Amino acid sequence: MKKLKKFIKKLKVLTRPEAKKDNSENKFKVLLFYPNEPMVGVTPSNLALLSACLKREGYEVKLFDCSLYKSIRYEPRPDGEEGHQLTVKNKEHAEINRAASPLKEKEETQDELRARLGQVKKSPIDDYVKLKTTNPYDDFADLVEDWKPDLIGISVVDSTIEFSYNFICQIRGKKPHVVMGGTGATFSYEKILNRGYADFVCAGEGEEALPELCYRLQNNIQCYDLKNMYLKGPDGKIIKNSQRPTVDIDTLPFPDFSIYDDMRFYRPFMGKVVRMAQIDWDRGCPYQCTYCAAPAIMANNRKEKIGKYYRVKDEDKIFEEMKFLIKEYRLDFLYISSETLLIIRKDKFKRIMERYKKEINLPFWCQSRLDTFSDERTKLLKEAGCQSVSVGLEHGSEKVRMKLLKKALPNKKVYEGFEILAKYNIRPTVNSMMGLPDETREEVFETIEINREISKIMKGNHNLNVFTFVPFSGTHLRKICIDKGYVDPEAPISFSFYKESMLTMPTMTKKEIAGLEKTAPLYIGLDKSYWPQIKIAEEDSEKGHEMFEKLMIVLKEKREKEEMQLNVTIAEDHLASPMVNFGGKIDYK
Ligand code: B12
Ligand code: SF4
């Protein structure tokens, strides 16, 4: 019965009208574009999936990926906008990268910057990845001129919308059609279409919508009724087409990561270098946090009656896909991208973990909510090879967490979660925010205090991040910020790392938030006797920068001692698999 269902699903895909079309002559070319900061994150599966869907239907695909550029500078735009570059260098450096002071007149990738700020361990990534030093804008314009794509498909989050348009502006001669997709595009479609950043916005999922757009453009068929596409009608008004049912994630082709440069698979991880890619076991999340876009996607799916947002893949599909990707891209470490991995049904989760250990046996990193780390599930995770988990603590105050952020996570659950992670020696990356609407300095210190407690529980085996809050589109908190007049709804949404707060509010200034973000690792990591000096280091002045440098040395020395202690703990860990020595160890020849 299960096999029959699978067969029918596959048949449905193969009999779609586009699939029948022979595109062998006069191939329609799609240039996918990933406007990313240098070396940020893993290779995303979304573009890889879209590429696979396009190639399945005979379209030609290439990718322009900004991730491998050493520096992406400010580029003046014909529309007079500032350009909103992501990376920082030269005179804008100080302006844009305030929180990252002390500001050095040198080029830094985000990884390097984070290592310098004491947020992550330095790794020998430079031995594996040689970043390009050519001008990315010229390279992009040259590629468009030489390859002549018919369509450019850009995947954006809010903070990369303006940035991606910088590139579109550089195209010489006739512009191909442009479509933007991704969560950022879905919720910021009005701005994108009204400002002419793209001709189409793909709302929601693109696996079926994008190939259909290509088909229509290739065959000169109008797109005014194309499902999932938002576009300007003949009268200049925006047409919002309804959305098609959410895709059946079990019938999708394997993601085509071949579009990415081979160097993109190398990632720094806990001071080492691994070959990693994004592996999807599920899609979506059923929770309601007010700073996240997931609830809005869920509400949209309900309104559009297009099916559930949260879906888990069939077990066999998960394993077939993983095995293929590991072999094809010589991966030795996986990033399991689930937003909340441990809510997969208990029996299914147990089976997947047991199979993983037997059939895959590679270390991995994943993310889940703190209240999902039961003893039983965490033990399974550990035994399967989980090295690290990313968890959202969000804030130190239970009240702020539960009321403002609508994350039903009491402090008791927070501590229990970390006790269990410590028991199984799984290293957490803990993410918190500061600069929330109406947040006070005292409340920021609640976040600092709870992180100090976590540090004790984890005995230094952790990565504790406190970042400035960004009111992303589609989130309930953005609405609150706009209603209170704290955020200009027209202002471009800044990239979240190391940029000043977007909020203008009475409780804290942007400068104060920037200073606190910069010094949070010091407040968390050093003895309280250093706090008066750290207060000085908060300042954006020469004195402040000097103090910051001095204290960072103290913090690094303390961390080194903790690391040495940690190595002993890992060696003594009875559950630790040989995989704790991951990184560049696997020979696939
Ligand atoms: C995995 C993940 C990452 C990965 C990969 C990033 C990426 N670009 O995909 C990493 C770790 C690198 C990452 C980093 C960041 N992320 Co992230 N990430 C996710 C997560 C958890 C899953 C995304 C995913 O892979 N889903 C599965 C794929 C298949 O779905 P998808 O990406 O939505 O793509 C589908 C459609 O959107 C559409 N589509 C996507 N692109 C395109 C392009 C075209 C042309 C078309 C037609 C369609 C289309 O078709 C795809 C297939 O259906 C989402 C949460 C979520 N609910 O989406 C957050 C999310 C996308 N991330 C978010 C943010 C904010 C970030 C960061 C800015 C975080 C930070 N502080 O640095 C960076 C930005 C990096 C960047 N330049 O993209 C926000 C974006 C919010 C917004 N309104 O824009 C989300 C929604 C989470 C949230 N809290 O709300 N992230
Ligand atoms: S923050 Fe995490 S748990 Fe909350 S809704 Fe978003 S993805 Fe789900």
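For the structure, check the block above.
Residues numbered from 1 in each chain as written. Chains lettered and ligands numbered in written order. Predicted model: local features only at pLDDT ≥ 70, side-chain atom pairs only at ≥ 80, totals over all residues.

1. Section: the overall build of the protein
Next up, step 1: From N to C terminus, the protein includes 21 helices and 16 strands.
Next up, step 2: In the protein, of all internal contacts separated by at least 6 residues, the share reaching a separation of at least 24 is 75%. (Helix = DSSP H or I, 4+ residues; strand = E, 2+ residues; numbered from the N terminus. Contact = placed C-beta atoms within 7 Å.)

2. Side note on the site of ligand 1
Next up, step 1: In the vicinity of ligand 1 there are 40 residues, among which Gly41, Gly153, Ser155, Gly181 and Gly206 approach most closely.
Next up, step 2: Broken down by element, the residue count for the shell around ligand 1 peaks at four residues, all from helix H3 (residues 45–56).
Next up, step 3: Built from parts of two domains, the shell around ligand 1 gets at least three residues from each of domain 1 (16–249) and domain 2 (281–499). (Near = placed C-beta within 6 Å. Domains from an automatic or database assignment.)

3. Considering the packing of helix H17 (residues 441–458) against helix H19 (residues 510–525)
Next up, step 1: Contact geometry of H17 with H19 gives a least axis separation of 10 Å together with a crossing angle of 20 degrees. If you check the angle between H17 and H19, you find them roughly parallel. By crossing handedness, the relation of H17 to H19 is classed as right-handed. Here H17 contributes Arg441, Val444, Ile448, Asn451, Arg452 and Ser455 to the contact with H19, which in turn contributes Glu512, Leu516, Ala520, Tyr523 and Ile524.
Next up, step 2: Grouping the constituent residues of the contact of H17 with H19 by class yields six nonpolar, two polar and three charged. (Axes fitted to C-alpha atoms, helices over the stretch in contact; angles between N-to-C directions. Parallel < 35°, antiparallel > 145°, perpendicular 65-115°, else oblique. Left-handed = near helix turned anticlockwise from the far one by under 90°. Nonpolar A, V, L, I, M, F, W, Y, C, P; charged D, E, K, R; others polar.)

4. Observations regarding the nonpolar core
In summary, soluble globular proteins display a tendency toward joint burial of nonpolar side chains.
Next up, step 1: Among the nonpolar cores identified, the biggest contains 150 residues, and Leu32, Met180, Val201 and Cys214 are the most heavily contacted of them.
Next up, step 2: Viewed by domain, this core spans two of them, domain 1 (16–249) and domain 2 (281–499), each represented by three or more residues.
Next up, step 3: Beyond its immediate chain neighbours, meaning those up to four positions away, Leu32 contacts Leu47, Leu50, Ser51, Val61, Leu63, Gly153 and Ile259. (Core = buried A, V, L, I, M, F, W, Y, C linked by C-beta atoms within 7 Å. Buried ≥ 20, exposed ≤ 12 C-beta atoms within 10 Å, placed from the backbone.)

5. Concerning the sheet that holds strand E1 (residues 29–34)
Whenever strands of a sheet pair, they do so through backbone hydrogen bonds, lying parallel or antiparallel.
Next up, step 1: Here seven strands make up an open sheet; going across it, the order is E2-E1-E3-E4-E5-E6-E7 and the pairing mixed. Both edges of this open sheet fall to strand E2 (60–65) and strand E7 (238–240), since each of them pairs with a single strand only. Between one strand axis and the next, the sheet turns by 20 degrees as a mean value, whatever way the strands run.
Next up, step 2: In this sheet, E2 lies alongside E1 in parallel orientation, the contact comprising six bridges. Directly across from Tyr34, in E2, lies its bridge partner Asp65.
Next up, step 3: Its contacts with the sheet place H3 against E1, E2 and strand E3 (151–155), and it is angled at close to 175 degrees to E1. (Pairing = 2+ DSSP bridges.)

6. Things to note about the pairing of strand E6 (residues 229–232)
Next up, step 1: Where strand E5 (residues 200–202) and E6 come together, three bridges link them in antiparallel fashion. By the bridge assignment, Val201 is partnered in E6 with Tyr230.
Next up, step 2: As paired elements, E6 and E7 share three bridges and run antiparallel to each other. Bridge pairing in E7 links Tyr230 to Lys240.

7. Concerning unusual backbone geometry
Next up, step 1: In this structure, Lys305 takes a positive phi of about 55 degrees despite not being glycine.
Next up, step 2: Within the fold, Lys305 resides in the loop between helix H11 (294–304) and strand E11 (311–312).
Next up, step 3: The backbone phi angle of Asn361 is positive, close to 55 degrees, even though this residue is not glycine.
Next up, step 4: Within the element layout of this structure, Asn361 appears in the loop between helix H13 (346–360) and strand E13 (364–367).
Next up, step 5: The class of Asn361 is exposed, set by 12 C-beta atoms lying within 10 Å.

8. A few points about the site of ligand 2
Next up, step 1: Taken together, Cys285, Tyr287, Cys289, Cys292, Ala294, Pro295, Glu339, Thr340, Arg369 and Gly392 make up the full set of residues near ligand 2.
Next up, step 2: For the shell around ligand 2, the per-class residue count stands at six nonpolar, two polar and two charged.

9. Considering the sheet that holds strand E8 (residues 266–269)
Next up, step 1: With respect to topology, seven strands assemble into an open sheet ordered E8-E9-E12-E13-E14-E15-E16, the strand pairing being mixed. The open sheet has two edge strands with one neighbour each: E8 and strand E16 (463–468). This sheet shows a mean twist of 30 degrees between the axes of neighbouring strands, independent of strand direction.
Next up, step 2: Across six bridges, strand E14 (residues 386–394) lies against strand E15 (residues 427–434) in parallel orientation. Considered in E15, the bridge of Ser388 is made with Arg427.

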